[in-house]
Every structure is written in C-alpha cells, then in structure tokens.
Amino acid sequence: MNLTKRRSMAAASFDIEAGLLASGFSAVIGCDEAGRGCLAGPVVGAAAWIDVAGFPAELLGQICDSKKLCERRREEIFCELCALPASAFCFEFHAVSAAEIDEINILRASLLAMRTAYEKLFARIGGRVHAIIDGNKTFEAAHAIAVVKGDAKSLSIAAASIIAKVMKDKLLGEIGERHPAYDFAGNKGYPTASHIAALQKLGACPEHRKTYAPVRKIIDFS
C-alpha cells in the first residue's frame, strides 16, 4: 500500500516528518507528554520514531491524538506498538515525579520528561535526528521545533501521546494501590469531584502535587 493511501487512513499524517526527512535528516522523533493537569503522580514524556515503509498500514491508520481514543483502545494500540520490530517503530518514555514537579514547576517538568525520553531514543537511533514536540515550547536539542496541536497533526507525536498517556495511567494505577482511598485508578489523578472530596477528607498523600491550587488550598486550611 502506498504512502498516500496510508495517510488517508490516519487521523494524523506523516507530512511534517516527510518534509524533514526530505531536507536531509536521517530520522524524526515525535515527543509528547501526559499528566500536566493531574493533581497527583508524575508527568510522563514519550518519544516515538516511525518508519512508515515498514509499519503495518492498518495500525498506522489508527494512530491519532490519544485524547480521541477510549482507554481500552489506547491500551490495545499501545500493545500493538510494543509488539512491532525496532526496524519499524521505537519509543522511550520518562516520568518526572510529583516532588520534582513541585520543585521546578509543571512546564519545566513536562519539557524535562520529553527531553529525557528524546535523549534515550536518540541514543538508540543516532544520526542526524530532528525532534518535533507537541505544544508551543521546545526543549534543548540540536534540531527541534514545537508543533501546536502536534498530536493531531503528526503520526510520530500522536504515537508518543498514546505511549505517554498509557504509561502515565499505569503509573497512577500503581500509586493507587498504595493509596487506594483516592481512587487514582478511576480518576487518573485528575480533579474529579470524588478526588477533591477524598482530599478534603484525608488531606494530601505523598504523591499529590503540593503546588497545585486545589491541593495547596486543602493543605493551607488543614
């Protein structure tokens, strides 16, 4: 199946990557993060590289912004991505803890998470690599651009968004096993009514982000 037909199947496209590859880069790595809006747990950055020539066309057509996918489908796609050979797809991820988020702020933590994931993947791939980063900020790299709403525009960023989201939810689930009263497995760390109610009743646990207003307010009045 040719690239044009493959692209028509996908919610995101390979246009940005193709342009950079045509300009002389040997590889393009898409980067995204998950968990900026959570009240607890880490923010997770992910980096993904795709070789469309060796990538299964049917799966390629299902990669899109992770927010457009239900949890079950995200996890299914994630498992399918993990099963691909390294010649077709590679990824890395990195988590920055709640404590470090409180120390350096969420923007810096998000960029750190993505940059570290990118550096891990760059070390595996090598060559003249270009990073494309979801959002309007870039991290320090030899070649990098920010792409606003990149998870809806770029296949590599969209794949990274799926990886980051699944890994963030997995880590929150593990945290939830240690702190079951907050139902992190259900709320994924976000400020749902039940999560806020648990905070008001129990106070913050060690995995809560103390600098976030809803958590800080409860700590200040406890």
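Just so we're clear, the structure is a prediction, and the values are computed from it rather than from any experiment.

Another point: the confidence of the model for the protein. Residues of the protein with pLDDT of at least 70 account for 94%, and the chain-wide mean is 92. Note on residues 1-10: pLDDT under 50 across the span, and 19 contacts to partners over four residues away in sequence or across chains.

To continue, consider the nonpolar core. Among the nonpolar cores identified, the biggest contains 29 residues, and I50, F55, I63, L81, F89 and I163 are the most heavily contacted of them. Looking at this core, the elements that each hand over two or more residues are strand 2 (43-50), helix 3 (57-60), helix 4 (71-82), strand 3 (89-96) and helix 7 (155-178). Once residues within four sequence positions are removed from consideration, L81 is found in contact with F55, L59, I63 and F89. If you look at the next biggest cluster of nonpolar residues, it comprises 19 residues, including V43, I106, A113 and L172.

Looking now at helix 9 (residues 193-202). Looking only at helix 9, the buried set comprises H195, A198 and L199. Taken around the axis of helix 9, the buried residues stretch over an arc of 100 degrees, which confines them to a single face. Along helix 9, exposed side chains directed more than 90 degrees from the buried face belong to A193, Q200 and K201. Each element contacted by the buried residues of helix 9 is listed here: helix 8 (184-187) and helix 10 (213-220). Downstream of helix 9 by a residue or two, G203 has a phi angle that is positive, lying close to 80 degrees.

The next thing to look at is the sheet that holds strand 1 (residues 27-34). Pairing is mixed in the open sheet, where 5 strands are placed in the order 3-2-1-4-5. The open sheet has two edge strands with one neighbour each: strand 3 and strand 5 (144-147). Pairs of neighbouring strands in the sheet enclose a mean axial angle of 20 degrees, with direction left out of account. Sheet analysis places strand 2 next to strand 3, joined by 8 bridges and oriented antiparallel. Note that in strand 3 the partner of A48 across the bridge is F91.

Before going further, it helps to spend a moment on unusual backbone geometry. Phi is positive for D183, close to 55 degrees, though the residue is something other than glycine. Secondary-structure assignment places D183 in the loop between helix 7 and helix 8. With phi around 60 degrees, K188 is a residue other than glycine that occupies positive phi space. Locating K188 in the fold gives a position in the loop between helix 8 and helix 9. Classification of K188 as buried rests on a relative accessible area of 15%.

This part covers the layout of surface pockets. Taken as a whole, the largest pocket holds about 400 Å³ of empty space. Taken together, 22 residues form the lining of the largest pocket, with D32, E33, R36, K67 and D134 sitting closest to its centre. Those elements giving two or more residues to the lining of the largest pocket turn out to be strand 1, helix 6 (106-125) and helix 7. Sort the elements by how many residues they give to the lining of the largest pocket and helix 6 lands first, with 4 residues. For the lining of the largest pocket, the residue count by class is 5 nonpolar, 7 polar and 10 charged.

The next point concerns helix 6. Residues lying three or four places apart along an α-helix face the same way, a consequence of the helix completing one turn every 3.6 residues. With 20 residues, helix 6 ought to run about 28 Å at 1.5 Å a step, and its terminal C-alpha atoms sit 28 Å apart, in line with that. All of the buried residues along helix 6 are I106, A109, S110, L111, L112, A113, M114, T116, A117, Y118 and L121. Where helix 6 begins, the capping side chain belongs to N105, and its oxygen is found 3.1 Å from the backbone nitrogen of L107. Once helix 6 finishes, G126 follows within two positions and takes phi at roughly 70 degrees, a positive value.

Rules used in this analysis
- Residues numbered from 1 in each chain as written.
- Predicted model: local features only at pLDDT ≥ 70, side-chain atom pairs only at ≥ 80, totals over all residues.
- Heavy atoms only, no water.
- pLDDT = per-residue confidence, 0-100.
- Contact = heavy atoms within 4.5 Å.
- Core = buried A, V, L, I, M, F, W, Y, C linked by side-chain atoms within 4.5 Å.
- Buried < 20%, exposed > 50% of the residue type's maximum accessible area, 1.4 Å probe, protein only.
- Helix = DSSP H or I, 4+ residues; strand = E, 2+ residues; numbered from the N terminus.
- Arc of directions from axis to C-beta.
- Pairing = 2+ DSSP bridges.
- Axes fitted to C-alpha atoms, helices over the stretch in contact; angles between N-to-C directions.
- 1 Å grid on protein atoms, 1.4 Å probe; cavity = no way out; pocket = protein on both sides within 12 Å on 5 of 7 lines; lining within 4 Å.
- Points joined across faces, edges and corners; volume = space filled by probe spheres on them.
- Nonpolar A, V, L, I, M, F, W, Y, C, P; charged D, E, K, R; others polar.
- Expected span 1.5 Å × (residues − 1).
- Polar contact = N/O pair within 3.5 Å; in protein donor to acceptor, adjacent residues only side chain to side chain.

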